[in-house]
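Coordinate analysis (summary)
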Amino acid sequence: MKYTATLLLFLFISFQSFSQDEKTKGLFYKFSLATTLTLNEDFEFGTDQTLINPSAFFLNNTVGIQFDHKSSVGFNVEYDWHSRQGLNFLPVYFSYRYNVFEYENNLFLRVGYGRLVDLGKAFQRGTFYKVGFGFQFFDEDYKNSVLLGLDFSRKRFGFLQSKKIASVSVYLEFMVF
C-alpha cells in the first residue's frame, strides 16, 4: 500500500511539473469512448427499429508524452466488448500519433500495436493493431482537447491466432495535459 501511494504521489508531481501553458510538450492523460456501427438488416421504414446499431463498445485509457507540436506516444489499456459475438478483449498497446495539418485544430494520423491480455475464460488472448485518423479540437487555452475520428482495428486470437475480428469504429476522446 505504501509503495502504491508513493508511486501515485510521484506520478502526480511529475504530471504537474510537465504540465505547461502550451500544448506542445509534456505528459497527458486521455480517456476514450468508441463504438462500431453496423447496418440493421431487418430495418423497415415506419417501425421502431433503427437503421444503424452499435455492435461493439470500447473504453480506453491512455497515458502518454507529447514530444512537440507534431508527435506523441501513448501507453494504452482498453476494454473491448463485441456484443454480437459475445467476446471480451483487453488490448494493451503502444500508440503513435502524428499531426498532419495544424491550424487552430489538428488533423492527425495514428497507429497502435500490442497484445490482447488473457484475464481468464471470458477474455481472448492474441495480437492487436489499430490505424486511424481524426480531428483534435482545443479549448480556449490550447491545453486540453477533444478528439473525434475513425479507427480501423484488427484482433487475432484463438488457437494459433486463427480467428480474426476487424472493425471500423467511431471514437470520442478527452485529452488532458
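What you see is a predicted model; the values in this text were computed from it and never measured.

**Describing the overall build of the chain**
On a plain count of helices and strands, the chain comes out with 1 helix and 9 strands. The linear arrangement of helices and strands in the chain, starting from the amino end, is α-β-β-β-β-β-β-β-β-β. Expressed as a percentage of the 177 residues in the chain, the buried residues total 37%. Pairs at least 24 residues apart make up 52% of the contacts formed inside the chain by residues separated by at least 6 positions. For the chain, the exposed surface amounts to about 11,000 Å²; the carbon and sulfur share of it is 65%.

**Some points on the pattern of salt bridges**
Per the stated rule, a full pass over the model turns up 7 salt bridges. Here Lys130 makes a salt bridge to Glu78, at a shortest N to O gap of 3.1 Å. Here Lys130, found in strand 7 (residues 126-138), pairs with Glu78, found in strand 3 (residues 71-82); they are 52 residues apart in sequence, far enough to count as distant. There is no split in this pair, since Lys130 and Glu78 are both buried. Residue Lys155 is joined to Asp80 by a salt bridge in which the shortest nitrogen-to-oxygen separation is 3.2 Å. With Lys155 in strand 8 (residues 145-157) and Asp80 in strand 3, this residue pair connects regions lying 75 residues apart in the sequence. Given the relative accessible area of 0%, Asp80 is considered buried.

**Considering the environment of Val73**
You can see Val73 is positioned in strand 3. Along the backbone, Val73 and Phe94 are 21 residues apart, and their C-alpha atoms lie at a distance of 7.1 Å. Residues in contact with Val73, not counting those within four places in the same chain, are Phe28, Gly64, Ile65, Phe67, Ser95 and Tyr96.

**Thoughts on the pairing of strand 1 (residues 26-39)**
Here strand 1 pairs with strand 2 (residues 52-66) via 14 bridges, running antiparallel. Bridge pairing in strand 2 links Thr35 to Phe57. Bridging between strand 1 and strand 9 (residues 163-176) involves 8 bridges; their strand directions are antiparallel. Bridge pairing in strand 9 places Phe31 opposite Phe174.

**A look at the side chain of Thr62**
Structurally, Thr62 is set in strand 2. Within the structure, the side chain of Thr62 is placed 2.9 Å from the side chain of Asn60, a separation counted as a polar contact. Each residue touching Thr62, except ones within four places of it in the same chain, is listed here: Phe28, Tyr29, Lys30, Gly74, Phe75 and Asn76.

**Things to note about the nonpolar core**
Grouped together as the largest cluster of nonpolar side chains are 9 residues: Phe28, Ala34, Ala56, Phe58, Phe108, Leu147, Tyr171, Met175 and Phe177. Listing elements by their share of this core, those giving two or more residues are strand 1, strand 2 and strand 9. Each residue touching Met175, except ones within four places of it in the same chain, is listed here: Phe28, Tyr29, Lys30, Gln66, Arg97, Gln136, Asn144, Ser145 and Leu147. Grouped together as the second largest cluster of nonpolar side chains are 7 residues, Phe89, Tyr93, Phe128 and Phe157 included.

**Some remarks on the pairing of strand 6 (residues 106-116)**
Looking at chain direction, strand 5 (residues 91-102) and strand 6 are connected through 11 bridges and run antiparallel. In the sheet register, Val92 faces strand 6, and the bridge partner there is Arg115. From the end of strand 5 to the start of strand 6, which pair antiparallel, there are 3 residues. Pairing of strand 6 with strand 7, which is carried by 11 bridges, proceeds in the antiparallel orientation. Pairing of Phe108 across the sheet is with Gly134, part of strand 7.

The rules behind these values
Residues numbered from 1 in each chain as written. Predicted model: local features only at pLDDT ≥ 70, side-chain atom pairs only at ≥ 80, totals over all residues. Heavy atoms only, no water. Helix = DSSP H or I, 4+ residues; strand = E, 2+ residues; numbered from the N terminus. Buried < 20%, exposed > 50% of the residue type's maximum accessible area, 1.4 Å probe, protein only. Contact = heavy atoms within 4.5 Å. Areas by Shrake-Rupley, 256 points an atom, 1.4 Å probe, with all protein chains shown as cover. Salt bridge = Lys/Arg side-chain N within 4 Å of Asp/Glu carboxyl O. Pairing = 2+ DSSP bridges. Polar contact = N/O pair within 3.5 Å; in protein donor to acceptor, adjacent residues only side chain to side chain. Core = buried A, V, L, I, M, F, W, Y, C linked by side-chain atoms within 4.5 Å.

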